[in-house]
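Listed below are the residues making up each chain.
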Amino acid sequence: YKLSVAPEMDIMEYCRKEWRGDTPVAKRMRKGYEAVAQKFASIRRVRGDNYCALRATLFQALSQATQLPSWMESEDFTMLSENLLRKYDWIQQWQLKQKLGRRMGEISDEIKEYLILLRKKWKNISEIKGSIEKQAACDKLFTNEEEEYSLYEALKFLMLSTAIELYNDDKNGRRVPVFSWLLFARDTSSNPCQLMHNHLNHIGHSGGLEQVEMFLLAYTLQYTIQVYRLYKYSTDEFITLYPNDPEEDWPVVTLITEDDRHYNIPVRMCQETRL
C-alpha cells in the first residue's frame, strides 16, 4: 500500500526541512516557497519516478474534475488505438509497461483497455460531489499501482495521437501552436515516429517529460498546467504556463518544481486568494 502522492504537509514546514543552509540556491528556494505560500497552504509530495509529471498533472486534474472532458466523450475515443494502428504500422513498436514483443492486435487491445479505464475513472471521480470524498477517491486510485500505471500509458498514447494530429496539420498548412514546431525541430523527434521511439517510449522507464512535452501534455488534456518553477524565482519564468496562450475555458492545474524534473502538488488555496 504505497501512496504515490504523500499526505499534505504545511508548505513552509516542508521548505524548512528541505532547504536549510545559506547557499544562494537554498535562499532562492526559500523565497520561491514563500511566494507559493501566499497562494497555497500545503504541499503533497509526488513519488519521484519518471512518471512524476504525468502523475502530478493527472492527480490535480482528477482532484478538481467536475465533468468528463468533451473529447473523452466521443465514440472515437476508445477506438483510437485501432484507428491509428491501421494508418501507422510503426506504432506497433509502442512500448507498453515494460512488456516487449507483443503482436499488433494485443497492443491495440491493451491500449483500448487503458483508454476505457481512464474514461471510467475520470467519470466516476468527477461525479463525486463532496470534496473530501473526491479526494479520498483520488488517494485510493493512486495507491493501486496496476491501475495508476495503466492510466499513464493511456495519457502517453493520447500525447502521441495529439502529436500526429499537430504534425499533419502543419504539413497541410493549417495553423499549429508554436510548441509544435519546437517539438518537431528536435533532431530526436523530427516526426511522430521518432517522437515515439526516442521520447514517449522512454517516459516512465528511463526518462521523464521534457519542457516541450509538458506543452504537449497540456494541449492533449486541454488543460492549462501552471507551474511554479522555484529555481527561476525572481525571473519572469517563475510561473510558467503550458501552453503559454491557453484557451480561456480550459481548466487550470497547478504544480511546483525545483528543477523541471520532479513535480510536487500545492494544495489548499488560501481563502483570501480564491477567485
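Being a predicted model, the structure only gives us computed values, none of them experimental.

A. Summary view of the packing of aromatic side chains. Scanning all chains against the criterion turns up 17 aromatic pairs. Judged by centre distance (5.9 Å) and plane angle (70 degrees), the rings of Y14 and Y33 are edge-to-face. Of this pair, Y14 sits in helix α1 (residues 11–18) while Y33 is found in helix α2 (residues 24–37), placing the two residues 19 residues apart along the sequence. For the residue pair Y14 and Y33, the accessibility class agrees, reading buried in each case. Centroid distance Y219 to W250: 5.9 Å. Interplanar angle 75 degrees. Geometry classified as edge-to-face.

B. Seen up close, the packing of helix α3 (residues 52–63) against helix α7 (residues 131–141). Contact geometry for α3 and α7: axes closest at 9 Å, N-to-C directions at 150 degrees. Viewed along their axes, α3 and α7 adopt a mutual orientation that is roughly antiparallel. Remark: the crossing between α3 and α7 carries right-handed chirality. Residues F59, L62 and S63 of α3 touch α7, and the partners they reach there are K134, Q135, C138, D139 and L141. Its residues assigned to classes, the contact of α3 with α7 shows four nonpolar, two polar and two charged.

About the thresholds
Residues numbered from 1 in each chain as written. Predicted model: local features only at pLDDT ≥ 70, side-chain atom pairs only at ≥ 80, totals over all residues. Heavy atoms only, no water. Phe/Tyr/Trp six-rings, centres within 6.5 Å; stacked < 30°, edge-to-face > 60°. Helix = DSSP H or I, 4+ residues; strand = E, 2+ residues; numbered from the N terminus. Buried < 20%, exposed > 50% of the residue type's maximum accessible area, 1.4 Å probe, protein only. Axes fitted to C-alpha atoms, helices over the stretch in contact; angles between N-to-C directions. Parallel < 35°, antiparallel > 145°, perpendicular 65-115°, else oblique. Left-handed = near helix turned anticlockwise from the far one by under 90°. Contact = heavy atoms within 4.5 Å. Nonpolar A, V, L, I, M, F, W, Y, C, P; charged D, E, K, R; others polar.

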